[in-house]
Amino acid sequence: MPDVSSLRAALLDWYDAHARSLPWRAPPGSGMRTDPYRVWLSEVMLQQTTVPHAAPYFERFTARWPTVSNLAAVEDSDLMAAWAGLGYYARARNLLACARAVASEHGGVFPDNEAALLALPGVGAYTAAAVAAIAFDRPANVVDGNVERVMSRLFAVETPLPAARPELKRLAALFVSDERPGDWPQALMDLGSGVCRPKSPSCELCPLAFGCEGLKTGEPARYPLKTKKAERPHRHGHAFVLRDAAGRIGLVRRPDKGLLGGMLGLPTSDWSATPVFHAPVVADWSEAGAVEHVFTHFSLTLTVHVGAGEGDFVWTSADEALASLPTVFRKALERGLAG
DNA sequence: GAGACGTGGTT
DNA sequence: TAACCAAGTCT
């Protein structure tokens, strides 16, 4: 068993020299702490999302809505449009619900403890711990994919994910301490992101190499072990680019639950092996090609049809539609507009 | 516990 | 190129 306190000291030293500079991060070692609102917003945006993808959204959101109270006052449709392209749209719906809960139930001030944070919409075990630690400097066991990977290597855990999750969390808990509780998870995540990477880890640069059981095995990259995932099915569908006399696009608001919930979309058929061609209005539809898109649990070929007509739709200029649609529909609309 | 839930970059 | 992967949460 590696010596926990020397590993901890070694990683914090490394962090002092190598911490990343990020838009939501106070200068490391400055003793400054980031506004809880910004910590929370960044943590939600970073769920299953890379730093380069989330960063511009974070900059736009904080410029437009500097406080959680500002965010709480936003119209649902504006928030969803601002989130377009970032994915996992339930996050956006929960983000707004959480901002409104903080505004109405907590006087516009984020709660400073893990339990109260956990009760907020869209805040799970990871985010509650991260905000408690990073924004409030509370000792909290912050366990994300990076931490799981680092722990699985450090201790050469042979149990595959996801079954190994409780064990990895227990191991991570060994490092939680009153000393620099806010820096610790960030150091761990920076290490996981830049050194202890999923593939080809840079063990020669790693401050924890001296105590790493995984490295001793000679195959650190083998960790964490994972059980095979089911194959991703392929579906087909039809999407309809409907234009009125003014050239606007007819969109529909999707139901809150389910795929792309709460977002605007193009009218479509069902998505299945053999979709039924069911146009939103009777029109002279012409085919404009197809687009491919990959979701987490299925891939999709969408055949795009263009036509003119009127009806009960959310009529939107092409530019606004392109900016507010989720990516799958943005791609379909671009295809339709290109002819 | 397992599946739903997006997107874009990397290998 | 297909597969894998990213600071997860909810049901």
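It should be emphasised that the depicted structure is a prediction, and the values quoted were computed from it without experimental measurement.

Considering the pattern of salt bridges
The full count for this structure, using the stated rule, is 12 salt bridges. Across the pair R20 and D190 runs a salt bridge whose closest N-O atoms are separated by 2.8 Å. You can see R20 sitting in the loop between α1 (4-18) and α2 (36-45) and its partner D190 sitting in helix α11 (residues 183-194), a full 170 residues away along the chain. With a closest N to O distance of 2.8 Å, R25 and D190 form a salt bridge. Of this pair, R25 sits in the loop between α1 and α2 while D190 is found in helix α11, placing the two residues 165 residues apart along the sequence. We note that R25, like D190, is buried.

Observations concerning the nonpolar core
Formed by 101 residues in total, the largest nonpolar core has its most connected members in W40, F61, L71 and L79. Here the element with the most residues in this core is helix α8 (residues 125-136); it accounts for 10 residues. Apart from residues lying up to four places away in sequence, W40 is in contact with V68, L71, L95, C98, A99, F110, V123 and V131. Listed in part, the five residues of the second largest apolar core include F240, L242, W285 and F313.

Re the protein's contact with DNA strand C
For DNA strand C, the set of nearby residues contains 24 residues, the closest of which are E43, T127, D144, N146 and R149. Here G124 contributes a backbone N or O atom positioned 2.9 Å from a phosphate oxygen of DNA strand C. For the surface near DNA strand C, the secondary-structure elements that each account for two or more residues are α8 and α9 (145-154). Looking at the surface near DNA strand C, its residues break down into 10 nonpolar, eight polar and six charged.

What about the state of the cysteines?
Considering all chains together, one arrives at zero disulfides under this definition. C196 carries a free sulfur, and the closest cysteine sulfur to it, the one in C206, is 6.1 Å from it. Residue classification places C196 among the buried residues on the basis of a relative accessible area of 10%. The closest cysteine sulfur to the non-disulfide-bonded C203 is located on C212, 6.4 Å from its own sulfur. C203 gets classed as partly exposed once you look at its relative accessible area, which sits at 22%.

A look at the packing of α1 against α11
It is at 9 Å that the axes of α1 and α11 come closest, and there the two elements cross at 75°. The angle between α1 and α11 falls in the class roughly perpendicular. Listed contacts from α11 to R8, L11, L12, W14 and Y15 of α1 are D183, W184, Q186, A187, L188, D190 and L191. In terms of residue class, the contact of α1 with α11 is built from eight nonpolar, one polar and three charged.

Regarding the domain arrangement of chain A
Under the domain assignment, chain A is made up of domain 1 (1-18 + 139-228), domain 2 (34-136) and domain 3 (234-338). A straight line from the C-alpha centre of domain 1 to that of domain 2 covers 27 Å. Listed per partner, the contact involves 11 residues of domain 1 and eight residues of domain 2. Together, the buried faces of domain 1 and domain 2 total about 620 Å²; carbon and sulfur atoms form 72% of this surface.

With respect to the protein's contact with DNA strand B
Of all residues adjacent to DNA strand B, which total 21 residues, the nearest are L260, H293, T296, H297 and T327. A breakdown of the atoms of DNA strand B within 4 Å of the protein gives sugar and phosphate a share of 62%. Separating a sugar or linking oxygen of DNA strand B from a backbone N or O atom of Y88 is a distance of 3.0 Å. A distance of 2.6 Å is found between a phosphate oxygen of DNA strand B and a side-chain nitrogen or oxygen belonging to H297. The greatest single-element share of the surface near DNA strand B, amounting to three residues, is contributed by helix α14 (residues 327-338). Residues that form the surface near DNA strand B fall into these classes: nine nonpolar, 10 polar and two charged.

Parameters at a glance
Residue numbers run consecutively from 1 along every chain, following the written order of its sequence. Labels are handed out in written order, letters beginning with A for the chains and numbers beginning with 1 for the ligands. Residue-level local features of this predicted model are given only where pLDDT is at least 70; pairs of side-chain atoms are given and counted only at 80 or more, and the full residue set underlies all totals for whole chains, interfaces and linings. Here the side-chain values reflect all heavy atoms present in the structure, with hydrogen atoms and water set aside. Any carboxyl oxygen of Asp or Glu that lies within 4 Å of a side-chain nitrogen of Lys or Arg is treated as forming a salt bridge with it. Numbered from the N terminus, helices here are DSSP runs of H or I no shorter than four residues, and strands are runs of E no shorter than two. Buried means the residue's accessible area, taken with a 1.4 Å probe over protein chains only, is under 20% of the maximum for its type, while exposed means over 50%, and partly exposed covers the values in between. Residues belong to one nonpolar core when they are buried, are Ala, Val, Leu, Ile, Met, Phe, Trp, Tyr or Cys, and are joined through side-chain atoms within 4.5 Å. Any pair of residues with heavy atoms lying within 4.5 Å of one another is described as a contacting pair. Any residue with a heavy atom positioned within 4 Å of a molecule or strand is treated as near that molecule or strand. Any pair of N or O atoms that falls within 3.5 Å is considered a polar contact. Within protein, one atom must be able to donate a hydrogen and the other to accept it, and sequence-neighbouring residues count only if both atoms are side-chain atoms. The nonpolar class holds Ala, Val, Leu, Ile, Met, Phe, Trp, Tyr, Cys and Pro. Asp, Glu, Lys and Arg form the charged class, and all remaining residues, Gly among them, are polar. When two cysteine sulfur atoms are found within 2.5 Å, that pair is recorded as a disulfide. Each axis is a line fitted through C-alpha atoms, and for a helix only the stretch in contact is used; angles between axes span 0 to 180 degrees, taken between their N-to-C directions. Oblique is the label for every angle not falling under 35 degrees (roughly parallel), over 145 degrees (roughly antiparallel), or within 65 to 115 degrees (roughly perpendicular). Domain delimitation in this document rests on an assignment produced automatically or drawn from a domain database. Buried area adds together the accessible area that both of two parts lose upon being put together, with accessible area traced by a 1.4 Å probe.

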